[in-house]
Amino acid sequence: MTLLETIGLVALICIVGRLGLFIYQLLCPVKVDVKKFGQWAVVTGSTDGIGKAYAIELAKRGLNIVLISRTKEKLEQVAKEIQGKYNNAQVKTIAFDFSKDGSSYSTIREGIRGLDIGVLINNVGMSYEYPETFDKIEESEKFVTNMIRCNVDSVANLTQMVLPDMIKKRSGLIVNVSSISGRRPAPLLGLYSGTKGFIDLFSRSLAAECVSRGVYVQSLCPGYVVSKLSGIRKASLIAPTPEKFVISALDRVTVPFTTGYWTHELQMSFIEVSADSDFPIQNLPYGVFSTKDNPQPRIGVAIGSKILDLSSIKHLFDGTQMKDKQSVFDETTLNKFMSLGRSAWKETRERLQELLSKDCPTLKDNDQLRKQAFVEQADAIMHLPAQIGDYTDFYCSREHATNVGTMFRGKENALNPNWLHLPVGYHGRASSVVISGTDIRRPNGQTCPDETKPPVFSTCKLLDIELEMAFFIGSQGNKQGEPIPMDQADDYIFGLVIMNDWSARDIQKWEYVPLGPFNA
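Calculation criteria
Residues numbered from 1 in each chain as written. Predicted model: local features only at pLDDT ≥ 70, side-chain atom pairs only at ≥ 80, totals over all residues. Heavy atoms only, no water. Domains from an automatic or database assignment. Helix = DSSP H or I, 4+ residues; strand = E, 2+ residues; numbered from the N terminus. Buried < 20%, exposed > 50% of the residue type's maximum accessible area, 1.4 Å probe, protein only. Contact = heavy atoms within 4.5 Å. UniProt positions renumbered as here; feature names shortened; annotations may be inferred. Pairing = 2+ DSSP bridges. Salt bridge = Lys/Arg side-chain N within 4 Å of Asp/Glu carboxyl O. Expected span 1.5 Å × (residues − 1). Polar contact = N/O pair within 3.5 Å; in protein donor to acceptor, adjacent residues only side chain to side chain. Axes fitted to C-alpha atoms, helices over the stretch in contact; angles between N-to-C directions. Right-handed = clockwise from strand over helix to strand, strands pointing away. Patch = residues over 30% accessible without salt bridge, like charges linked within 9 Å, V, L, I, M, F, W, Y side chains within 5 Å. Areas by Shrake-Rupley, 256 points an atom, 1.4 Å probe, with all protein chains shown as cover. Phe/Tyr/Trp six-rings, centres within 6.5 Å; stacked < 30°, edge-to-face > 60°. Lys NZ or Arg CZ within 6 Å of the ring centre and 35° of its normal.

## Comments concerning the domain arrangement of the protein chain
Next, step 1: You can read the domains of the protein chain as domain 1 (25-266), domain 2 (286-383) and domain 3 (392-512).
Next, step 2: The gap between the C-alpha centroids of domain 1 and domain 3 is 45 Å.

In structure tokens:
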């Protein structure tokens, strides 16, 4: 071996060694005792969800806690809870609204002055009340200002406040809570996604600046966690409780980026998903499709621009709920699968996300099975996903009910008295539910355009299109006479779709009294 070859080999060994060390540190992070960073931890957004869980867990691990949040009463409740559990923990509270003018940060600065702060958890954040396009946000100037102050300014200001002292003593930990939504575009949550993207890049940049000076800075990008912000109420494999999530995340504080929880790490797929796709691994909608070369309708899920044919991989659903029921994926509709209930749906969803994750070799490394199982959406013909046994239409938008009532009865009597007290609904013909793209014939029926004359039979002249949310109901249902409690309703909801509801208003106006509509 020549000298040049020897040098090349040594260089290659060094590169491979450093790469191996990097991968090992990423997958097996070094656990640290957080008490070594300092005596106090500062936690923002600390009265609920992840922030509260951090405050309690850090107190459990021996730190004193500074709680910062908006509501004084809630701060006092959390402080009382911490001191009731851990007698030795000191707790300070600072009531502060991060969405207000940033000139008042002096309140926080004075509140933490002189404390040996070792840990900062920048958790405070706000999101949308409901998804919306950026141009249609109500009170948009106020909304934009408040979100940037709360999600961006808070992180930068609190970090600037505590980082210099941490660097001076060469010891500290800063965890900035971003989101998986900050790692990829999130249409209808654009500003939230952008602010979380700032946190991610800001944190990873600081991590590179500070690690050689004894301070860990981490971008924490969780997926779904049970909290008020996420709207998730029940814990699952992919949506842990805040307490369980925080325990996991604190074991990973030495890495500059983490999702914090093992199933959130799995929520990155080996299937390429474009930034504008509606179907990342977190959203795998079911459907029924066929192709020109195989006209048999079959069940699949969308992932990126592809469809995963579940009939081709049914043998991989080998959990306790599905191992004896794999044949449901040979059906031409979802009805039999829907009838299995929530436990089977949950197990199937978790198995799908596992099979599609970047770290699972079962599908990723089996070229033959992948070729058989994946179909391009562009090559698919979609079918009605379920046989519709019954169809109930609920009249639940006050604005819509007022508009239609005005059309039928006049402005003074737009809403009937019962509308404000019970869920008004009526049955439609189940056979009228069809797949998107089906041509719709304009209805014919009786109308009464002139109340002084007899009705006439004619083509509808007031055809109305309503964009609605439709629910597919599954499980075995309830026995006759036994209602389903409200807190169990979601156990029966299999899925949701967007539905166009076409209404012949002139026909409906004439026939809806007393028991219609029928033809509308």
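There is more to say, and it comes next.
## What about the environment of Gln296?
Next, step 1: For Gln296, the position within the fold is in strand β9 (residues 294-303).
Next, step 2: For Gln296, a relative accessible area of 43% gives the class partly exposed.
Next, step 3: Along the backbone, Gln296 and Ser436 are 140 residues apart, and their C-alpha atoms lie at a distance of 19 Å.
Next, step 4: In this view, Gln296 contacts Phe289, Ser290 and Thr332; residues no more than four positions away in its chain are not counted.

## Some details on the UniProt feature "active site" (unreviewed entry) in the protein chain
Next, step 1: The residues that UniProt annotates with the feature "active site" (unreviewed entry) are His400.
Next, step 2: Sequence-distant contacts of His400, that is, excluding residues within four places in its chain, are made with Tyr395, Asp464, Glu466 and Arg505.

## Digging into the sheet that holds strand β2 (residues 64-69)
Next, step 1: Ordered by their spatial adjacency, 7 strands build an open sheet running β3-β2-β1-β4-β5-β6-β7, and the pairing between neighbours is parallel. Only two strands of the sheet have a single neighbouring strand rather than two, namely β3 (91-95) and β7 (257-258).
Next, step 2: Here strand β5 (residues 172-177) pairs with strand β6 (residues 215-220) via 6 bridges, running parallel. Of the residues in β6, the one forming a bridge with Val175 is Gln218.

## Examining the pattern of salt bridges
Next, step 1: For the structure shown, the criterion picks out 15 salt bridges.
Next, step 2: In this structure, Asp200 and Arg204 form a salt bridge, with 2.9 Å as the shortest nitrogen-oxygen distance. With Asp200 and Arg204 both in helix α6 (residues 190-210), this residue pair falls 4 residues apart, about one helical turn.
Next, step 3: Assessed through its relative accessible area of 2%, Asp200 is described here as buried.
Next, step 4: Linking Glu331 and Lys336 is a salt bridge whose minimum nitrogen-to-oxygen distance equals 3.5 Å.

## Notes on helix α2 (residues 49-60)
Next, step 1: When the terminal C-alpha atoms of α2 are compared, their 17 Å separation across 12 residues agrees well with the 16 Å that a helix rising 1.5 Å per residue should span.
Next, step 2: For α2, a buried count of 10 out of 12 residues is recorded, marking the element as mostly surrounded by other parts of the structure.
Next, step 3: Taken residue by residue, α2 has Gly49, Ile50, Gly51, Ala53, Tyr54, Ala55, Ile56, Glu57, Leu58 and Ala59 as its buried positions.
Next, step 4: Gly62, located one to two residues past α2, shows a positive phi value of around 105°.

## As for the side chain of Ser219
Next, step 1: With respect to the element layout, Ser219 can be found in strand β6.
Next, step 2: Within the structure, Ser219 has its side chain in polar contact with the side chain of Asp200 (distance 2.7 Å).
Next, step 3: Ignoring anything within four residues of it in the chain, the contact list for Ser219 reads Asn176, Ser178, Asp200, Ser203, Arg204, Pro256, Phe257 and Thr258.

## Digging into the sheet that holds β9
Next, step 1: In space, the 5 strands of this open sheet follow the order β11-β10-β9-β8-β12, with antiparallel pairing throughout. Across the chains shown, the open sheet's two edge strands, defined by having one partner strand only, are β11 (374-376) and β12 (380-383). Taking the axes of each pair of neighbouring strands and ignoring which way they run, one obtains an average angle of 45° across the sheet.
Next, step 2: As paired elements, strand β8 (residues 286-291) and β9 share 5 bridges and run antiparallel to each other.

## Description of the environment of Arg70
Next, step 1: With respect to the helices and strands, Arg70 occurs in the loop between β2 and α3 (72-85).
Next, step 2: The class for Arg70 is exposed, based on a relative accessible area of 59%.
Next, step 3: For the pair Arg70 and Thr47, spaced 23 residues apart in the sequence, the C-alpha separation amounts to 8.7 Å.
Next, step 4: With near-sequence residues (within four places) excluded, Arg70 lies in contact with Ala95, Phe96 and Asp97.

## Some points on α6
Next, step 1: Its 21 residues give α6 an end-to-end C-alpha distance of 30 Å, which sits within 8% of 30 Å, the value for a rise of 1.5 Å per residue.
Next, step 2: Looking only at α6, the buried set comprises Leu191, Tyr192, Ser193, Thr195, Lys196, Gly197, Ile199, Asp200, Ser203, Leu206, Ala207 and Cys210.

## Topic: the pairing of β6
Next, step 1: Of all 6 residues in β6, 5 are buried; the element is thus mostly enclosed.
Next, step 2: What joins β5 to β6 is α6, and the crossover it makes is right-handed.

## Regarding a nonpolar patch on the surface
Next, step 1: A surface patch of nonpolar side chains, about 680 Å² in accessible area, is lined by Leu467, Met469, Phe471, Ile473, Leu496 and Ile498.
Next, step 2: For the nonpolar patch, the elements supplying multiple residues, two or more each, are β17 (463-473) and β18 (493-504).
Next, step 3: At 4 residues, β17 tops the list of elements feeding residues into the nonpolar patch.
Next, step 4: Structurally, Met469 is set in strand β17.

## A few points about the pairing of strand β4 (residues 117-122)
Next, step 1: Taking burial as the measure, the 6 residues of β4 include 6 buried ones, the bulk of the element.
Next, step 2: Judged from the 4 bridges that link them, β4 and β5 form a sheet pairing that is parallel. Opposite Val119, over in β5, you have Leu173 as the bridge partner.
Next, step 3: What joins β4 to β5 is helix α5 (residues 140-169), and the crossover it makes is right-handed.

## Comments concerning the packing of aromatic side chains
Next, step 1: Under the counting rule described, the total for this entry stands at 13 aromatic pairs.
Next, step 2: Centroid distance Phe317 to Phe329: 5.0 Å. Interplanar angle 40°. Geometry classified as tilted. Highlighted residues: Phe317 in the loop between β10 (306-309) and α9 (335-338) and Phe329 in the loop between β10 and α9, separated in sequence by 12 residues. Phe329 shares its class with Phe317; the two are buried.
Next, step 3: By way of ring pairs, the aromatic residues Tyr286, Phe317, Phe329, Phe337, Trp345 and Phe494 are connected into one cluster.
Next, step 4: One residue, Arg204, lies across the ring of Phe257, its end atom 5.8 Å from the ring centre.

## Looking at unusual backbone geometry
Next, step 1: The phi angle at Leu188 is positive, at roughly 75°, despite the residue not being glycine.
Next, step 2: As for its position among the elements, Leu188 is in the loop between β5 and α6.
Next, step 3: Judged by its relative accessible area of 41%, Leu188 falls in the partly exposed class.
Next, step 4: The residue Ser475 is not glycine, and still its phi comes out positive at about 70°.
Next, step 5: On the secondary structure map, Ser475 appears in the loop between β17 and β18.

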